[in-house]
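Below are the chains, spelled out letter by letter.
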Amino acid sequence: MIALGSDHGGFELKEAVKKHLQERGLEFKDFGTYDLNSCDYPEFGRAAAEAVASGECDRGIVICTTGIGISIVANKVKGIRCALCSEKTSARLTREHNDANMLAMGGGMIGTVQALEIVDTFLDTPFSEMEKHSRRISKIEK
């Protein structure tokens, strides 16, 4: 189960991500926003992050215009490791090295094709399980 959240600046990209997840046969829960009306990203970023932190959802994807604000919000929730990615290499490495459980993207910064490639990379890349990375994640959690 994948938690999704966006503000109005990320709404259209979130809708494209939803369609893509459906095509892949992946389940998701949309925590809003549900239209293009101006809104505050902290509400939706926090709701998605809390769903991941509680175990209700396995991973999360959050989107605002730049991805910056909503990633900051998500990372305020204990247990969340949200990475802002604008290309596939960062998406792969944040899964392999940081076991990131949330992905943030900027709806005004990247196109749909690139965003969906980032989503696939993030969702399909496992954590490396290397001791050095596990040790570092443990330090982050403390």
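Read on for an overview of the structure. Quantities reported herein were computed from a predicted structural model and do not represent experimental measurements.

Here's the deal with the packing of helix α2 (residues 41–54) against helix α3 (residues 68–75)
- Here α2 crosses α3 at 45°, and the two axes come no closer than 8 Å. Classified by the interaxial angle, the pair formed by α2 and α3 is oblique. As α2 runs across α3, the sense of the crossing is right-handed. Two secondary-structure elements touch here, α2 through Y41, P42, G45, R46 and A49 and α3 through G69, I70, V73 and A74.

Quick word on the side chain of D30
- Relative to the assigned elements, D30 resides in strand β2 (residues 28–30).
- Using a relative accessible area of 15% as the deciding quantity, one classes D30 as buried.
- Among the polar contacts made by the side chain of D30, one reaches the side chain of K14 at a distance of 2.8 Å.
- At 2.8 Å, the side chain of D30 and the backbone nitrogen of G32 are in polar contact.

With respect to a nonpolar patch on the surface
- Taken together, the side chains of I68, I72 and L84 present a nonpolar region at the surface, about 260 Å² in accessible area.
- Along the chain, I72 falls in helix α3.

Here we look at unusual backbone geometry
- Following G32, the chain continues to T33 via a peptide bond in cis, the omega torsion being 0°.
- Tracing the backbone shows T33 in the loop between β2 and α2.
- For D99, which is not glycine, the phi dihedral falls at a positive 50°.
- By the secondary structure assignment, D99 is in the loop between α4 (88–98) and β5 (102–106).

Here we look at the nonpolar core
- Core analysis: the largest hydrophobic core is formed by 20 residues, its most contacted members being V17, L21, I61, L103, M105, I118 and V119.
- Mapped by element, the contributors of at least two residues to this core are β1 (2–6), α1 (11–24), β3 (59–64), β5 and α5 (112–124).
- For this core, the element with the highest residue contribution is α5, accounting for six residues.
- V62, C64, V77 and C82 belong to the second largest nonpolar core, which has 16 residues in total.

Remarks on the environment of L123
- Here L123 shows up in helix α5.
- Separated by 13 residues in the primary sequence, L123 and I110 have C-alpha atoms spaced 18 Å apart.
- Each residue touching L123, except ones within four places of it in the same chain, is listed here: I2, L21, R24, L26 and R59.

Thoughts on the state of the cysteines
- What the rule picks out here adds up to zero disulfides.
- Between C64, a free cysteine, and C82, which holds the nearest cysteine sulfur, the sulfur-to-sulfur gap is 9.8 Å.
- Looking at C64, the relative accessible area reads 4%, which means it is buried.
- Take C85: it sits in no disulfide, and the sulfur closest to it among the cysteines is that of C82, at 8.4 Å.
- Its relative accessible area of 3% is what places C85 among the buried residues.

What counts, and where the lines are drawn
- Residues numbered from 1 in each chain as written.
- Predicted model: local features only at pLDDT ≥ 70, side-chain atom pairs only at ≥ 80, totals over all residues.
- Heavy atoms only, no water.
- Axes fitted to C-alpha atoms, helices over the stretch in contact; angles between N-to-C directions.
- Helix = DSSP H or I, 4+ residues; strand = E, 2+ residues; numbered from the N terminus.
- Parallel < 35°, antiparallel > 145°, perpendicular 65-115°, else oblique.
- Left-handed = near helix turned anticlockwise from the far one by under 90°.
- Contact = heavy atoms within 4.5 Å.
- Buried < 20%, exposed > 50% of the residue type's maximum accessible area, 1.4 Å probe, protein only.
- Polar contact = N/O pair within 3.5 Å; in protein donor to acceptor, adjacent residues only side chain to side chain.
- Patch = residues over 30% accessible without salt bridge, like charges linked within 9 Å, V, L, I, M, F, W, Y side chains within 5 Å.
- Areas by Shrake-Rupley, 256 points an atom, 1.4 Å probe, with all protein chains shown as cover.
- Salt bridge = Lys/Arg side-chain N within 4 Å of Asp/Glu carboxyl O.
- Core = buried A, V, L, I, M, F, W, Y, C linked by side-chain atoms within 4.5 Å.
- Disulfide = S-S within 2.5 Å.

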